[in-house]
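Chain by chain, the residues run as shown.
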Amino acid sequence: MKLPTLPSGLLAVFQKEWASYFNTPIGYVFSILYLFLSSFLFFYGLGEGSFWDRKVAGMEEYFVWTPLLFVVFIPAITMRLWSEEKKSGSLEILFTLPLSKWEIVGAKFLAAWAFLGFTVCLSASIPFSIWAFGDLDLGIVFAGYLGCILLGGAYISLGIFLSSFGKDQISSYILTVLVCLFFFLLGTQPVLKFFGGGPSAFAYLFALSSHFESFRLGILDLSDTLYFFSFISINLAGNVFFLRRNYP
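Residues numbered from 1 in each chain as written. Predicted model: local features only at pLDDT ≥ 70, side-chain atom pairs only at ≥ 80, totals over all residues. Heavy atoms only, no water.

**With respect to the overall build of the protein chain**
Now for step 1: Looking only at helices and strands, one finds 14 helices and 0 strands in the protein chain.
Now for step 2: In sequence order, the secondary structure elements of the protein chain are arranged as α-α-α-α-α-α-α-α-α-α-α-α-α-α.
Now for step 3: Within the protein chain, the proportion of its 248 residues that are buried is 48%.
Now for step 4: A fraction of 76% describes how many contacts in the protein chain between residues 6 or more apart in sequence connect residues 24 or more apart. (Helix = DSSP H or I, 4+ residues; strand = E, 2+ residues; numbered from the N terminus. Buried < 20%, exposed > 50% of the residue type's maximum accessible area, 1.4 Å probe, protein only. Contact = heavy atoms within 4.5 Å.)

This is how it looks when you write it as structure tokens:
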């Protein structure tokens, strides 16, 4: 039996986007800064509460910082996905490929998501280091990393969608940071207390941070997983709708 293969055009778009993260400084800058800051904040924190102060073989605090770092760093890998195509004039050429808008958007999303997953996996040296010195709960670590990948996918899908509105990379970056920060802050206690009552429950339901919390605590919740995939699907569908309307 012949196994199904990806269309050559779809694979070409994926490979082009994947290679761009290694052919330009942005990919290396993203990976190095993210790995450095995430490790530094986990081991040393901002003053008190560092890993050495807690003296506990756990990574819960690592996953506390991850959503905030994603808000800053993920827009850097999505800001160019459409705005750069517009600036270089390659958008029209891209749409001449025998691929649907869904396939093109999907290929771009998967390339960015794969690059993020690659970068996050490079931080695996942290749990292995902790495991060597203490009794680390690998189940919590696995759930936390899975949550990071799903949360990252949600931010990336939002970033790709917003990149199609931006005229250049800077405007796309700023817009994506602001919107990602909005979806993160919706689930924080100060915002929930400000809304109060019914609006608070509504805000909590749609906040990305609230659905990440269960993974941070080591809980694999099917409803939270479905929320992330639904969030991703809605953003990709919005991106496809925008492209079909503006580039028929």
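Moving on from the model shown.
**Regarding the environment of Phe109**
Now for step 1: The residue Phe109 is located in helix α7 (residues 101–121) in this model.
Now for step 2: Among the residues examined, Phe109 registers a relative accessible area of 4% and is labelled buried.
Now for step 3: Measuring from C-alpha to C-alpha, the distance between Phe109 and Glu17 comes to 9.1 Å, with 92 residues separating the pair along the chain.
Now for step 4: Once residues within four sequence positions are removed from consideration, Phe109 is found in contact with Gly153, Ile156, Ser157, Ile160, Ile232 and Leu236.

**Observations regarding helix α2 (residues 25–43)**
Now for step 1: The end-to-end C-alpha distance of α2, which contains 19 residues, comes to 27 Å, matching closely the 27 Å that a straight helix rising 1.5 Å per residue would cover.
Now for step 2: The set of residues buried in α2 consists of Gly27, Phe30, Ser31, Tyr34, Leu35, Ser38, Leu41, Phe42 and Phe43.
Now for step 3: Looking one or two residues past α2, Gly45 carries a phi angle of roughly 65°, positive in sign. (Expected span 1.5 Å × (residues − 1).)

**Digging into the packing of helix α4 (residues 60–78) against helix α9 (residues 138–163)**
Now for step 1: In contact at an axis separation of 9 Å, α4 and α9 are set at 25° when each is read in the N-to-C sense. By the criterion of interaxial angle, the relationship of α4 to α9 is roughly parallel. Of the two possible hands of crossing, α4 and α9 adopt the one that is right-handed. The residues of α9 that touch α4, namely those facing Glu60, Tyr62, Phe63, Thr66, Pro67, Phe70, Val71, Ile74, Ile77 and Thr78, are Ile140, Val141, Gly144, Tyr145, Cys148, Leu151, Gly152, Tyr155, Ile156, Gly159, Ile160 and Ser163.
Now for step 2: Taken together, the residues that form the contact of α4 with α9 break down as 15 nonpolar, 6 polar and 1 charged. (Axes fitted to C-alpha atoms, helices over the stretch in contact; angles between N-to-C directions. Parallel < 35°, antiparallel > 145°, perpendicular 65-115°, else oblique. Left-handed = near helix turned anticlockwise from the far one by under 90°. Nonpolar A, V, L, I, M, F, W, Y, C, P; charged D, E, K, R; others polar.)

**Observations concerning the packing of aromatic side chains**
Now for step 1: Per the counting criterion, the structure on display carries 26 aromatic pairs.
Now for step 2: With centroids separated by 6.1 Å and ring planes inclined at 20°, the aromatic side chains of Phe36 and Phe40 adopt a geometry described as stacked. Taken together, the residues Phe36 and Phe40, both in helix α2 and 4 residues apart, mark about one turn of the helix.
Now for step 3: Relative accessible area serves as the criterion here: at 35%, Phe40 is assigned to the partly exposed category.
Now for step 4: An aromatic cluster is built from Trp18, Tyr21, Phe22, Tyr28, Phe30, Tyr34, Phe70, Phe73, Phe115 and Phe118, whose rings are joined through pairwise contacts.
Now for step 5: For Lys101, the ring lying beneath its charged end belongs to Phe95, and the centroid distance is 4.6 Å. (Phe/Tyr/Trp six-rings, centres within 6.5 Å; stacked < 30°, edge-to-face > 60°. Lys NZ or Arg CZ within 6 Å of the ring centre and 35° of its normal.)

**Some remarks on the environment of Val72**
Now for step 1: Note on placement: Val72 falls in helix α4.
Now for step 2: Residues Val72 and Leu181, 109 residues apart in the sequence, show an inter-C-alpha distance of 8.6 Å.

**Structural notes on the UniProt feature "transmembrane region" (unreviewed entry) in the protein chain**
Now for step 1: If you check UniProt for "transmembrane region" (unreviewed entry), the listed places come out as residues 21–42, 62–82, 109–133, 139–161, 173–192 and 225–243 in our numbering.
Now for step 2: Within residues 109–133, the helical portion is 88% and the strand portion 0%, while the C-alpha atoms at the span's ends are 38 Å from each other. (UniProt positions renumbered as here; feature names shortened; annotations may be inferred.)

**Looking at the pattern of salt bridges**
Now for step 1: Tallied over the full model, the rule gives 4 salt bridges.
Now for step 2: Note that Glu17 and Lys108 form a salt bridge whose closest N and O atoms lie 2.6 Å from each other. With Glu17 in helix α1 (residues 8–23) and Lys108 in helix α7, this pair connects stretches of sequence that are 91 residues apart. Lys108 shares its class with Glu17; the two are buried.
Now for step 3: The salt bridge partner of Arg216 is Glu213, with a shortest N-O separation of 2.7 Å. Here the residue Arg216 and the residue Glu213 both occupy positions in helix α13 (residues 208–216), the gap between them amounting to 3 residues, near one helical turn. (Salt bridge = Lys/Arg side-chain N within 4 Å of Asp/Glu carboxyl O.)

**Looking at the environment of Ala19**
Now for step 1: Structurally, Ala19 is set in helix α1.
Now for step 2: Put simply, Ala19 and Ala111 are 92 residues apart on the chain and 8.9 Å apart in space, counted from C-alpha to C-alpha.

**Describing the side chain of Thr176**
Now for step 1: Within the secondary structure layout, Thr176 lies in helix α10 (residues 169–185).
Now for step 2: Using a relative accessible area of 0% as the deciding quantity, one classes Thr176 as buried.
Now for step 3: One polar contact links the side chain of Thr176 to the main-chain carbonyl oxygen of Ser172, over a distance of 2.7 Å.
Now for step 4: The contact partners of Thr176, leaving out residues within four places of it in the chain, are Pro75, Thr78, Gly159 and Leu162. (Polar contact = N/O pair within 3.5 Å; in protein donor to acceptor, adjacent residues only side chain to side chain.)

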